[in-house]
Amino acid sequence: MTTAKHPRVFSGIQPTGGLHLGNLLGAVKGWVSQLDHTDTIICIVDLHALTVARDPTETRLNRLGLAAALIAAGVDPDRCILFMQSAVPEHAQLGWIMQCNASFGELSRMTQFKEKRERVDFISSGLFLYPALQAADILLYDTDEVPVGDDQRQHVELCRDLAIRFNNRYGRTFVVPRHVIAPVGARVMDLANPTNKMSKSLDGPGTIWLSDPVASIEKKFKRAVTDSLDSVTYDREGQPGVANLLDILSACTGTPPADLARSYDQYGALKLDCAAAVIELVEPIRQRSLSLLQDPAELDRILNTGANRAKEIASKVLARAQTHIGILERS
Ligand code: AMP
Ligand code: TRP
């Protein structure tokens, strides 16, 4: 699968529900398109998901459900490493070291923490430390590239800062990674509220789930919020709802959004085409996902194989970091 010259790509996704259209267009589609030219590692970050308390039964279902959805979307375990974060304890171990390497001030400035703390009753310290664990995830694999949606830009920049700081203090230890953000689809907005990004936590009529049946996707697009200007232009500020539909259609078809805008003069036609393009992309994934879930033992086997392969890489990088900070004797 890998040759030395292929860039090492690492990304993560939380098992806090299924996959939605934003995950697919902003992240997963990009991972899949590059599998043959990269050495890709995809991690289901179940430790990150613990930062907000959840019912254990739901957690169990979400972990396997996400593994099935990712494989169904093309994250082929024969062409990359797919594994569960908690199965590789090196993540928690390097996570602690990165927490000690990140300052209170820089973690306090993370916009995702500031947003999320407003939405939960119990602000766990894990929610605050989350980006340090994310940095550990990335650094454990000598990662070159981190393909993510736009909302993860700040976290990956922090990871770079932490890697550089560690290398300066303790000697060259980590590869300093860079984020890769898709030109279109990196910020899919909620269909019912197009000034908010589509997210697992909003989960209303404006979120398209990859598990949504065809009729439900059609209905959600039909009801997508637009405006009363009655003209189709690509203007994210002035016409956020219309621009979001154009972005989605563009991410599905490959035609630039401004070019698409010229071929429509009615919102209805744009919505219909958008729904059709999304259904064409999503429906086969839904079907494959359902069939993969029929065999949970096979999914477990795939994830175990992935964890063993991940551990082989992660244990060496962790030992390097531990040696450099003086908690592991040089062998
Ligand atoms: P999460 O579901 O928060 O674990 O995110 C998994 C990946 O999907 C990350 O790379 C996110 O940046 C990306 N992502 C999440 N929501 C969106 C969205 N609305 N638009 C584009 N990318 C997104
Ligand atoms: N914080 C990311 C998100 O919510 C998930 C994540 C955890 C991640 N570790 C990662 C993404 C490492 C990229 C690399 O989307």
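Residues numbered from 1 in each chain as written. Chains lettered and ligands numbered in written order. Predicted model: local features only at pLDDT ≥ 70, side-chain atom pairs only at ≥ 80, totals over all residues. Heavy atoms only, no water.

**Student:** Explain the site of ligand 1 residue by residue, including any values.
**Tutor:** Contacts to ligand 1 come from 17 residues, most closely from Gly149, Asp151, Val188, Met198 and Lys200. The contact in question runs from an oxygen atom of ligand 1 to an N or O atom on the side chain of Asp151, over 2.4 Å. Met198 places a polar main-chain atom, nitrogen or oxygen, 2.8 Å from a nitrogen atom of ligand 1. Isolated, ligand 1 exposes 480 Å² of accessible area, and the fraction of that covered by the protein chains is 93%. Judged by the proximity of its atoms to the pocket grid, ligand 1 belongs to the largest pocket. At four residues, the largest contribution of residues to the shell around ligand 1 is made by helix α1 (residues 21-33). (Near = heavy atom within 4 Å. Polar contact = N/O pair within 3.5 Å; in protein donor to acceptor, adjacent residues only side chain to side chain. Areas by Shrake-Rupley, 256 points an atom, 1.4 Å probe, with all protein chains shown as cover. 1 Å grid on protein atoms, 1.4 Å probe; cavity = no way out; pocket = protein on both sides within 12 Å on 5 of 7 lines; lining within 4 Å. Sits in = over half its atoms within 2 Å of the grid points. Helix = DSSP H or I, 4+ residues; strand = E, 2+ residues; numbered from the N terminus.)

**Student:** Give a detailed account of the nonpolar core, specifying residues and quantitative values.
**Tutor:** Counting 53 residues, the largest nonpolar core has Leu21, Leu70, Phe221 and Ile248 as the members making the most contacts within it. Residue contributions to this core peak at nine residues, all from helix α12 (residues 267-292). Sequence-distant contacts of Leu70, defined by excluding residues within four places in its chain, comprise Ile13, Leu19, Val28, Trp31, Ile42, Ile44, Val75 and Leu82. Counting residues in hydrophobic clusters, the runner-up holds 38 residues, among them Val45, Ala132, Leu139 and Ala310. (Core = buried A, V, L, I, M, F, W, Y, C linked by side-chain atoms within 4.5 Å. Buried < 20%, exposed > 50% of the residue type's maximum accessible area, 1.4 Å probe, protein only. Contact = heavy atoms within 4.5 Å.)

**Student:** Any details on the pattern of salt bridges? Residues and values, ideally.
**Tutor:** Considering all chains together, one arrives at 16 salt bridges under this definition. With a closest N to O distance of 3.7 Å, Arg187 and Asp150 form a salt bridge. Note that Arg187 is positioned in the loop between β5 (178-180) and α9 (214-222) and Asp150 in the loop between β4 (145-147) and α8 (153-170), a separation of 37 residues in sequence. Judged by relative accessible area, Asp150 falls into the partly exposed class, the value being 24%. A salt bridge links Asp259 to Arg262, with the shortest nitrogen-to-oxygen separation between them at 3.3 Å. You can see Asp259 and its partner Arg262 sitting in helix α11 (residues 257-262), three residues apart, about one turn around the helix. (Salt bridge = Lys/Arg side-chain N within 4 Å of Asp/Glu carboxyl O.)

**Student:** Break down empty space enclosed by the protein for me, with residues and values.
**Tutor:** Summary: where empty space remains is shown by rolling a probe the size of a single water molecule over the atoms. Here the structure, examined in full by the defined rule, presents one cavity of 30 Å³ or more. Approximately 50 Å³ is the volume found for the largest cavity. Residue lining of the largest cavity: Gln112, Phe113, Lys116, Leu127, Tyr130, Pro131 and His155, and that is the complete set. Looking at the lining of the largest cavity, the elements with two or more residues in it are α6 (111-119) and α7 (125-139). (Points joined across faces, edges and corners; volume = space filled by probe spheres on them.)

**Student:** Talk me through the pairing of strand β1 (residues 8-13); I want residue IDs and the actual numbers.
**Tutor:** Side chains on a regular strand alternate between the two faces of the sheet. By the criterion of burial, β1 is predominantly enclosed, with five of the six residues buried. Two strands pair when backbone bridges link them, and β1 and strand β2 (residues 39-44) are joined in this way by six bridges, in the parallel orientation. The partner of Ile13 across the bridge, within β2, is Ile44. (Pairing = 2+ DSSP bridges.)

Function cannot be read off these values alone, since they describe shape.
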